[in-house]
Amino acid sequence: MGAGNGFAELQAELKRLARVKNAVILAHNYQRPEVQDAADFVGDSLGLSRRAAESDAEIIVFCGVDFMAETAAILAPEKRVILPEARACCPMAQMVDVEGLQELKDQHPGAWVVSYVNTSAEVKALSDVCCTSANAVQVLQGVPADREIIFTPDRNLGSWAARRAGREVILWEGFCPTHELIQLEDIVRAKQEHPAAKVVVHPECAPEVSAAADAVESTTGMVRYCRGDPAQEFIIGTEAGMVHRLTRDVPGKKYYPATRSAVCPNMKLTTLRKAVEALRWERPVVAVPRDVREKALLAVQRMVEYGR
Ligand code: 13P
Ligand code: SF4
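All values reported here derive from a predicted model rather than from experimental measurement. (Residues numbered from 1 in each chain as written. Chains lettered and ligands numbered in written order. Predicted model: local features only at pLDDT ≥ 70, side-chain atom pairs only at ≥ 80, totals over all residues. Heavy atoms only, no water.)

A.B. asks: Any details on the overall build of the chain? Residues and values, ideally.
C.D. replies: Regarding its fold elements, the chain presents 14 helices and twelve strands. Against the compact-globule benchmark of 19 Å for 308 residues, the chain has a radius of gyration of 19 Å, which places it among compact chains. Here the C-alpha coordinates of the chain stretch approximately 60 × 55 × 30 Å along the principal axes. Residues classed as buried in the chain amount to 59% of the 308 residues present. Counting contacts in the chain only where the partners sit at least 6 residues apart, residues at least 24 apart contribute 63% of the total. Surface accessibility of the chain: about 13000 Å² in total, with carbon and sulfur atoms responsible for 50%. Between the averaged position of the 37 positive side-chain charges in the chain and that of its 41 negative side-chain charges there is a distance of 6 Å. (Helix = DSSP H or I, 4+ residues; strand = E, 2+ residues; numbered from the N terminus. Rg over C-alpha atoms; globule rule 2.2 N^0.38 Å. Buried < 20%, exposed > 50% of the residue type's maximum accessible area, 1.4 Å probe, protein only. Contact = heavy atoms within 4.5 Å. Areas by Shrake-Rupley, 256 points an atom, 1.4 Å probe, with all protein chains shown as cover. Lys, Arg positive; Asp, Glu negative; His and termini not counted. Charge placed at Lys NZ, Arg CZ, Asp CG, Glu CD.)

Shown next, in the form of structure tokens:
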């Protein structure tokens, strides 16, 4: 980003504050390009959780959505975790509630609860293990064979990973409103326009979209795939911000969003200016109550160990 758009000064200020305050700036792959470009680390949910746990910084500025900052607070309670935009939430995470999940658990005593990291800390506290889109298949394969599995909240990730893992799961009917905007017709049209392109989609997409893809990957998995594959063009079926990450990290290839309408409004709430102000004033802080944190910790620790 050049100085002409005013970002360069804010980026320099964010980096200066981070140095002075011993802070690390983490940004999800869907963040605004100028925020990604100012971060110490840009990644998917799994990579960001690992970074948060392993960093020796005193402050984590989490440019993402609430469940990501909460997960960092669960893994690193001694650090101050700042979410620059307090309203940045994940609607999918809000589709599963503690009461409903407890009821389902009561109906299936002995079942393991596998929760996507896109859940509240309270739901994680009711879970046996968490997963991300990068390791959901391995996590399901790790559940003892004699146990039923409740998978929450994403029905699309759950059914895709269950098929891959060769396990049956009881699905919670949650979904990502942004990924469900990507339709099979979008893929068909993009393939007609770019016949040489490979199709890479996120497992939050609807089953018929995943079935039409050459690869189904987490956001960082997409970077790896596009780097390693000999194809020079890719149709990208996920949130539109991913194209920036790919263009920056795997340059020289072409990336076409399956649809430009797949934008996560919550991910875009964080601006560079908000990140600077948040670090300057060290708020808003995301903290998880101690009893919830202690109950959620094992499930989250198991998550970061799968797929290393
Ligand atoms: P990744 O972990 O693949 O980055 O996905 C996070 C997310 O919220 C996707 O919508
Ligand atoms: Fe949640 Fe979907 Fe936005 Fe990811 S893209 S944060 S799953 S709403």
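A.B. asks: Can you lay out the environment of N135 for me, pointing to particular residues and giving the numbers?
C.D. replies: Structurally, N135 can be placed in the loop between β6 (129–131) and α7 (136–141). With 171 residues separating them along the chain, N135 and Y306 place their C-alpha atoms 6.3 Å apart. Residues contacting N135, with those up to four places away along its chain left out, are L46, M303 and Y306. Here M303 takes part through its backbone oxygen, which lies 2.9 Å from a polar atom of the side chain of N135. (Polar contact = N/O pair within 3.5 Å; in protein donor to acceptor, adjacent residues only side chain to side chain.)

A.B. asks: I'd like a rundown of the side chain of Q31, residues and numbers included.
C.D. replies: Its place among the elements puts Q31 in the loop between β1 (23–28) and α2 (33–36). Q31 sits in the buried class, given a relative accessible area of 0%. A polar side-chain atom of Q31 sits 2.9 Å from the main-chain carbonyl oxygen of M267. Among residues more than four places away in sequence, those in contact with Q31 are Q36, C63, G64, M267, K268 and T270.

A.B. asks: With reference to specific residues and values, describe the site of ligand 1.
C.D. replies: Surrounding ligand 1, one finds H28, Y30, D44, S45, Y116, N118, S133, H179, H202, E204, S218 and T219. In this structure, H28 approaches ligand 1 through a side-chain N or O atom, which is 2.6 Å from an oxygen atom. In the model, an oxygen atom of ligand 1 is placed 2.8 Å from a nitrogen or oxygen of the S45 side chain. Contact with the protein chains covers 96% of the free accessible surface of ligand 1, which is 300 Å². Taken together, the residues of the shell around ligand 1 sort by class into two nonpolar, eight polar and two charged. (Near = heavy atom within 4 Å. Nonpolar A, V, L, I, M, F, W, Y, C, P; charged D, E, K, R; others polar.)

A.B. asks: An account of the site of ligand 2 is requested, with residue identities and associated values reported.
C.D. replies: Taken together, the residues surrounding ligand 2 are Y30, V65, C90, P91, N118, C176, E204, C264 and M267. Here the shell around ligand 2 is composed, by residue class, of seven nonpolar, one polar and one charged.

A.B. asks: Report on the packing of aromatic side chains, specifying residues and quantitative values.
C.D. replies: Counted by the stated rule, this structure contains two aromatic pairs. When the centroid spacing of 6.3 Å and the interplanar angle of 75° are considered together, the rings of Y225 and F234 count as edge-to-face. The exposure class assigned to Y225 is buried, which follows from its relative accessible area of 19%. Overall, F234 belongs to the buried group, its relative accessible area being 0%. Ring centres of F234 and Y255 lie 5.9 Å apart, and the angle between their planes is 15°; this geometry places the pair in the stacked category. Of this pair, F234 sits in strand β11 (residues 233–237) while Y255 sits in strand β12 (residues 254–257); the two residues are 21 residues apart in sequence, bridging distant segments of the chain. There is no split in this pair, since F234 and Y255 are both buried. (Phe/Tyr/Trp six-rings, centres within 6.5 Å; stacked < 30°, edge-to-face > 60°.)

A.B. asks: Lay out the sheet that holds strand β10 (residues 215–216) in plain terms, naming residues and giving numbers.
C.D. replies: If you walk across this open sheet you meet the four strands as β10-β9-β11-β12, and the pairing is parallel. Edge positions in the open sheet fall to β10 and β12, since each of these has one partner strand only. (Pairing = 2+ DSSP bridges.)

A.B. asks: With reference to specific residues and values, describe the confidence of the model for the chain.
C.D. replies: On average, the chain scores 97 in pLDDT, and the residues at 70 or more come to 98%. Across the chain, the secondary-structure element scoring lowest on mean pLDDT is helix α12 (residues 242–249), at 96, and the one scoring highest is strand β7 (residues 149–152), at 99. (pLDDT = per-residue confidence, 0-100.)

A.B. asks: Lay out the sheet that holds strand β5 (residues 112–116) with the relevant residues and their values.
C.D. replies: Taken together, four strands build an open sheet; the order of strands is β6-β5-β7-β8 and the sheet is parallel. Of all the strands in the sheet, just β6 and β8 (170–171) have a single pairing partner and so form its edges. The pairing of β7 with β8 spans two bridges and is parallel. Note that in β8 the partner of I150 across the bridge is I170.

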